[in-house]
Amino acid sequence: MASFEHSGLQIRVDRVDRVYRPGDTIAGTVVARVRKGWRHQGVGLRALGAVAAAHHLPPRPFLNEALVLAPPGVLPDGNHALRFEVELRPSGLLESYHGSANVTYTLTCTCRRGPLRPALEARCEIFVEVPSSGPPPQPAPTTFAVTRASPRLQVSGKVDATRCSLDRPFTGELRVD
């Protein structure tokens, strides 16, 4: 008999940082921890990409891929590894973002076990980086100074560019007097 208290699902992607780019394949494993074995109506995985412009409005999906990991049947007592692969289309994806609007990518695994048992569900957020389309911004060095009278403090320096790509280092000089 299994040594855990409850049955459950867990999604594990192969990349530790969970960062993908358009055209990549999201590969991983769903681990089903089954206590005392049970029947199910199938195990499915859905990859959903959505934009939420405000917290009170429902998210608008732009990516919705589904696959069946296991057809209806019986899962015996123990741990079961269900492999999956979902290919991110090479175009039309948005960069992951959390702020005033959210662009999120979520993997959701669901296992329905019948009318008398609650469905099991697991979620995992992944992150999508969309490469810049075009050359990197040209450097435009800018100097700055911030002075505070009491207590006397002066911060000055130079940033190498005011338009920056998030996947490149932010460089410059900083001096605190």
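Residues numbered from 1 in each chain as written. Predicted model: local features only at pLDDT ≥ 70, side-chain atom pairs only at ≥ 80, totals over all residues. Heavy atoms only, no water.

Participant: If you had to explain the pattern of salt bridges to someone new, which residues and values would you point to?
Facilitator: Scanning the model with the defined rule gives 6 salt bridges in all. The closest approach of N and O atoms between E121 and R123, which form a salt bridge, is 3.0 Å. Note on R123: relative accessible area 59%, which makes it exposed. Between D177 and R175 there is a salt bridge, and its shortest N-O distance comes to 2.9 Å. With relative accessibility at 41%, the residue D177 sits in the partly exposed group. Using a relative accessible area of 52% as the deciding quantity, one classes R175 as exposed. (Salt bridge = Lys/Arg side-chain N within 4 Å of Asp/Glu carboxyl O. Buried < 20%, exposed > 50% of the residue type's maximum accessible area, 1.4 Å probe, protein only.)

Participant: So what about the pairing of strand β3 (residues 25-34)? Which residues, and what values?
Facilitator: Taking burial as the measure, the 10 residues of β3 include 8 buried ones, the bulk of the element. Of the pairings in the sheet, the one linking strand β1 (residues 8-13) to β3 comprises 6 bridges and is antiparallel in character. Directly across from R12, in β3, lies its bridge partner T29. Bridging between β3 and strand β8 (residues 78-87) involves 10 bridges; their strand directions are antiparallel. Its bridge partner being in β8, V34 is matched across the sheet by G78. (Helix = DSSP H or I, 4+ residues; strand = E, 2+ residues; numbered from the N terminus. Pairing = 2+ DSSP bridges.)

Participant: Go over the side chain of H80 with me, naming the residues and quoting the values.
Facilitator: Its place among the elements puts H80 in strand β8. For H80, a relative accessible area of 18% gives the class buried. Only 2.7 Å separates the side chain of H80 from the backbone oxygen of P76, close enough to count as a polar contact. (Polar contact = N/O pair within 3.5 Å; in protein donor to acceptor, adjacent residues only side chain to side chain.)

Participant: Explain the packing of aromatic side chains to me, and be specific about the residues and the numbers.
Facilitator: Applying the stated rule across the entire model yields 1 aromatic pair. Relative to Y105, the ring of F62 has its centre 5.5 Å away and its plane inclined at 85 degrees; by these criteria the two rings are edge-to-face. Highlighted residues: F62 in strand β6 (residues 60-70) and Y105 in strand β10 (residues 102-111), separated in sequence by 43 residues. What makes Y105 buried here is its relative accessible area of 1%. A cation sits over an aromatic face here: R113 above W38, 5.0 Å from the ring centre. (Phe/Tyr/Trp six-rings, centres within 6.5 Å; stacked < 30°, edge-to-face > 60°. Lys NZ or Arg CZ within 6 Å of the ring centre and 35° of its normal.)

Participant: Got a sec to walk through the environment of R12? Specific residues and values, please.
Facilitator: Counting through the fold element by element, R12 comes out in strand β1. Using a relative accessible area of 45% as the deciding quantity, one classes R12 as partly exposed. Remark: the alpha-carbon pair of R12 and C124, spanning 112 residues in sequence, is separated by 7.9 Å. What R12 contacts, discounting residues up to four positions off in sequence, is G28, T29, V31 and F84. Separated by 3.0 Å, the side chains of R12 and Q10 make a polar contact. (Contact = heavy atoms within 4.5 Å.)

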